[in-house]
Amino acid sequence: MATAQVLLSDAASPADHSGLNTTATSSSSSSSSVGNGTASAAGGGVRQHGEFNLSVLGGGHPHFVPHHDSEYERQQQQQQQQHEEQQQQQHDIHDQQQLRAMLAASTSLLVSTGNLLSPALSRRGDVAAPRNTVQEVLLALSLAFQDATSSVRAAAVSVQRQSDGLVHVARSPSPASPASDCAGSCGEAVTTKAKLFVLDDISEAELIDAVAQVRNELALERIDSFILAPQFDSDAANRASTDRLWHAAESLYTAGVLGSIGVTNFDSADLSSFVSTAQISPSVNQISTGKFSQPLAQLAKQHNIALLSNPDAEIPILSSAALDSVIGSYVDPSGSSQLRPRWLVRYTTEIKCRSIAAHRGYILRADRV
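Everything quoted here is computed from the prediction, not taken from an experiment. (Residues numbered from 1 in each chain as written. Predicted model: local features only at pLDDT ≥ 70, side-chain atom pairs only at ≥ 80, totals over all residues. Heavy atoms only, no water.)

Colleague: Help me understand the layout of surface pockets, please; the structure alone is not making it clear to me.
Modeller: Where empty space is left becomes clear once a probe the size of a water molecule has been rolled over the atoms. When its volume is computed, the largest pocket comes out at roughly 390 Å³. In terms of lining, the largest pocket is formed by 18 residues, of which the most central are K193, Q286, P311, R346 and T348. Among the secondary structure elements, those contributing two or more residues to the lining of the largest pocket are helix 3 (133-148), strand 11 (190-198), strand 12 (225-230), strand 14 (284-287), strand 16 (339-351) and strand 17 (356-368). Partitioning the lining of the largest pocket into residue classes produces seven nonpolar, four polar and seven charged. (1 Å grid on protein atoms, 1.4 Å probe; cavity = no way out; pocket = protein on both sides within 12 Å on 5 of 7 lines; lining within 4 Å. Points joined across faces, edges and corners; volume = space filled by probe spheres on them. Helix = DSSP H or I, 4+ residues; strand = E, 2+ residues; numbered from the N terminus. Nonpolar A, V, L, I, M, F, W, Y, C, P; charged D, E, K, R; others polar.)

Colleague: What is the right way to read the side chain of R171 from this model?
Modeller: One can find R171 in strand 10 (residues 166-171). Of note is the side chain of R171, whose polar atom sits 2.9 Å from the backbone oxygen of T113. Engagement of the side chain of R171 in a polar contact is seen with the backbone oxygen of L143, the distance being 3.5 Å. Contacts of R171, omitting those with residues within four sequence positions, involve S112, T113, G114, L121, L143, A144, D147, A156 and V157. (Polar contact = N/O pair within 3.5 Å; in protein donor to acceptor, adjacent residues only side chain to side chain. Contact = heavy atoms within 4.5 Å.)

Colleague: Honestly, the sheet that holds strand 17 in this entry has me stumped. Any pointers?
Modeller: Strand-to-strand pairing in sheets goes through backbone hydrogen bonds, with the strands running parallel or antiparallel. One open sheet holds the 10 strands; their spatial order is 9-10-8-17-16-11-12-13-14-15, and the pairing between them is mixed. Across the chains shown, the open sheet's two edge strands, defined by having one partner strand only, are strand 9 (157-161) and strand 15 (306-309). Between one strand axis and the next, the sheet turns by 20° as a mean value, whatever way the strands run. Bridge analysis of strand 14 against strand 15 gives four bridges, and the strand direction is parallel. (Pairing = 2+ DSSP bridges. Axes fitted to C-alpha atoms, helices over the stretch in contact; angles between N-to-C directions.)

Colleague: Can you walk me through empty space enclosed by the protein in this structure?
Modeller: Across all of its chains, the model carries one cavity of 30 Å³ or more by this definition. Of the pockets and cavities examined, the largest cavity occupies roughly 40 Å³. Lining the largest cavity are 11 residues; nearest its centre among them are A229, Q231, T264, N310 and D312. A breakdown of the residues in the lining of the largest cavity according to their chemical character gives five nonpolar, four polar and two charged.

Colleague: Before we go on, may I ask you to explain the pattern of salt bridges in this structure?
Modeller: A side chain of one charge can pair with a side chain of the opposite charge if their charged atoms are brought near each other. For the structure shown, the criterion picks out 15 salt bridges. Of the charged contacts in the structure, one is a salt bridge between K195 and D312, with a shortest N-O distance of 2.7 Å. One end of the pair, K195, is in strand 11; the other, D312, is in the loop between strand 15 and helix 9 (320-331), and 117 residues separate them in sequence. By the burial criterion, K195 is buried, and D312 matches it. Overlapping salt bridges bring together D200, E206, R340, R342, R365 and D367 as one network. (Salt bridge = Lys/Arg side-chain N within 4 Å of Asp/Glu carboxyl O. Buried < 20%, exposed > 50% of the residue type's maximum accessible area, 1.4 Å probe, protein only.)

Shown next, in the form of structure tokens:
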């Protein structure tokens, strides 16, 4: 009886025929041996041999097929996952170093948080729901910088350095126009609001720029309601600064860019002095509980000014120290950004027919000290 001897070379895989050395003297019947196993074949068949299946094809040629090894595959998957995680960490470190270098060389910072009510942010399980405006601002800024340096979410946030030294950190894509979001159900029945928190002695041009940033973010020509929220006391310098900013808001109102304009936390003395120089009286005065008085109510009624509760009673909304707590480590290992917040604007869009908010986000401008 003729025999066929099958040898598996060390350099070849079990399924690689180039690693097989086969000697056959007859095709009528044959027996094959591998290790301690033996298979006989006549016209084809499959026999078990050690760690492999030995398949003898119809032509008498043996063919090795590896067993399915679930434990081996699991180990391979774990190794692949670990490799991908290491690569991701390396990318994140590289992105953080790049952002740190850009911020260190910047003169100004502009941060657009994007729509905080979008599913991508509102359903994030790694953050707790903020309890007030200050916490929401810090959370929104923190998420923007986290995503800017994360390879997993790199597509969500872009970082650009402009020729004037401004670094713009922006979540993209920007929210769609509120009107398009409501198409088919509410049509154009939406209202857009913006509230500008004045954090430093800013110019009229900076107020106009803040409004332009909101319009660009929401792809709108007009903002229905605008609130000027100076973080001030009643000294003469702050009073003069507020008057200048109000004149800039009046010009935007006259141009049709702003539908209505209002102020926050004016007591009766502040409001009386304010309306005496304003060309356009504010439509709204948002006040905290401690600011309300009968003289204020009478003055507001006289000038047709609505007195509303101020939902943002915390002052300051964003200090330099608070900003450092969020972005300081991205700028300098010591945690000092040397950036002073200039202004912060919050925008919201509300769907009137459903009385719900569709968009809410923040845009921050800070300059190098």
